[in-house]
Amino acid sequence: SPNNSSVKAKLFKFEKKGKKWRQVGQPHPVNLGKKGLAWGRGVQSVKPGLQKKEGDQRSPAGIFRFGTAFGYAEVGTLPLKLPYLPITEAQLCIEDSNSPYYNQLVDAAQVQQEWTARENMMRRDEQYKWGIFVKHNVPAEPESGSCIFFHLWRKPGSGTLGCTAMEEEN
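Residues numbered from 1 in each chain as written. Predicted model: local features only at pLDDT ≥ 70, side-chain atom pairs only at ≥ 80, totals over all residues. Heavy atoms only, no water.

Draft legend 1. Main features of the overall build of the chain. When its secondary structure is counted, the chain shows 0 helices and 12 strands. When the helices and strands of the chain are read in sequence order from the N terminus, they spell out β-β-β-β-β-β-β-β-β-β-β-β. Radius of gyration (C-alpha) of the chain: 16 Å, near the 15 Å computed for a compact globule of 170 residues. Expressed as a percentage of its 170 residues, the buried residues of the chain come to 39%. Intrachain contacts of the chain at a sequence separation of at least 6 include 50% that bridge at least 24 residues. Both charge centroids of the chain, one from 24 positive and one from 17 negative side chains, sit 11 Å from each other. (Helix = DSSP H or I, 4+ residues; strand = E, 2+ residues; numbered from the N terminus. Rg over C-alpha atoms; globule rule 2.2 N^0.38 Å. Buried < 20%, exposed > 50% of the residue type's maximum accessible area, 1.4 Å probe, protein only. Contact = heavy atoms within 4.5 Å. Lys, Arg positive; Asp, Glu negative; His and termini not counted. Charge placed at Lys NZ, Arg CZ, Asp CG, Glu CD.)

Quick look at the structure:
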């Protein structure tokens, strides 16, 4: 990102060979949160400056592990190395800090509702046709941000509510 308030940024991919990281391929344009970036809770230690908070419309900055991949394809139809969750109408991501399911993907048909805020994973705009859960705020601390994904964008320059979005081919 050119600065912490920018929506437009570039995503670089790296792979580790032995003890060395090297860039793979070319960077891809991405959209960040509508208000840019704030430091997230990831692999790195806490950094000074603006910290990611629930509902701040900022994408988390930092180093994060990937969680579950998700999308609208059936299980077994994709060559993925990540665990994969096929999205149905019952899939939700819980945004309620007071819920025991905060910052988790759940099947509403399988768990008792203990939340007041959630993100529907089956969207009409198909932004979640393909995605990856970013392990920001894991384990979850209340009000530190939830439901952070890599997912498809609406269009270049269209900010997210805190995710990182890109075109489908990337």
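Draft legend 2. Local environment of the state of the cysteines. If you walk through the whole model with that rule in mind, you get 1 disulfide. Note that Cys93 is cross-linked by a disulfide to Cys147, the S-S spacing being 2.2 Å. Its torsion about the S-S bond being -100°, the disulfide of Cys93 and Cys147 is classed as left-handed. Of the two residues, Cys93 sits in strand E7 (residues 91-94) while Cys147 sits in the loop between strand E10 (130-134) and strand E11 (149-152), which places them 54 residues apart along the sequence. The buried category is assigned to Cys93, whose relative accessible area is 0%. As a non-bridged cysteine, Cys163 has Cys147 as the owner of its nearest cysteine sulfur, 8.0 Å distant. With relative accessibility at 7%, the residue Cys163 sits in the buried group. (Disulfide = S-S within 2.5 Å.)

Draft legend 3. Up close: a nonpolar patch on the surface. A grouping of Phe12, Phe14 and Trp21 is seen on the molecular surface, where their side chains present a nonpolar patch of about 370 Å² in accessible area. Relative to the helices and strands, Phe14 is located in strand E1 (residues 8-17). (Patch = residues over 30% accessible without salt bridge, like charges linked within 9 Å, V, L, I, M, F, W, Y side chains within 5 Å. Areas by Shrake-Rupley, 256 points an atom, 1.4 Å probe, with all protein chains shown as cover. Salt bridge = Lys/Arg side-chain N within 4 Å of Asp/Glu carboxyl O.)

Draft legend 4. Highlighting the sheet that holds strand E8 (residues 105-107). Pairing within the open sheet is antiparallel, and its 3 strands lie in the order E8-E7-E9. Two strands close off the open sheet at either side, each with one partner strand: E8 and strand E9 (118-120). If you compare each strand with its neighbour and ignore which way they point, the axes differ by 35° on average. Looking at chain direction, E7 and E8 are connected through 3 bridges and run antiparallel. Within E8, the position partnered with Cys93 by the bridge is Leu105. (Pairing = 2+ DSSP bridges. Axes fitted to C-alpha atoms, helices over the stretch in contact; angles between N-to-C directions.)

Draft legend 5. Looking closely at the pattern of salt bridges. Inspection of the entire model under this criterion finds 7 salt bridges. Here Arg41 makes a salt bridge to Glu141, at a shortest N to O gap of 3.3 Å. One end of the pair, Arg41, is in the loop between strand E3 (37-39) and strand E4 (59-61); the other, Glu141, is in the loop between E10 and E11, and 100 residues separate them in sequence. Taking the shortest distance from any N to any O, the salt bridge between Lys129 and Glu168 comes out at 3.1 Å. Taken as a pair, Lys129 in the loop between E9 and E10 and Glu168 in the segment after strand E12 (164-166) lie far apart in primary sequence, 39 residues in all. Of the residues examined, Lys129 reaches a relative accessible area of 24% and is grouped as partly exposed. Note on Glu168: relative accessible area 44%, which makes it partly exposed. One network of salt bridges, with partners in common, ties together Glu119, Arg123, Asp125 and Arg154.

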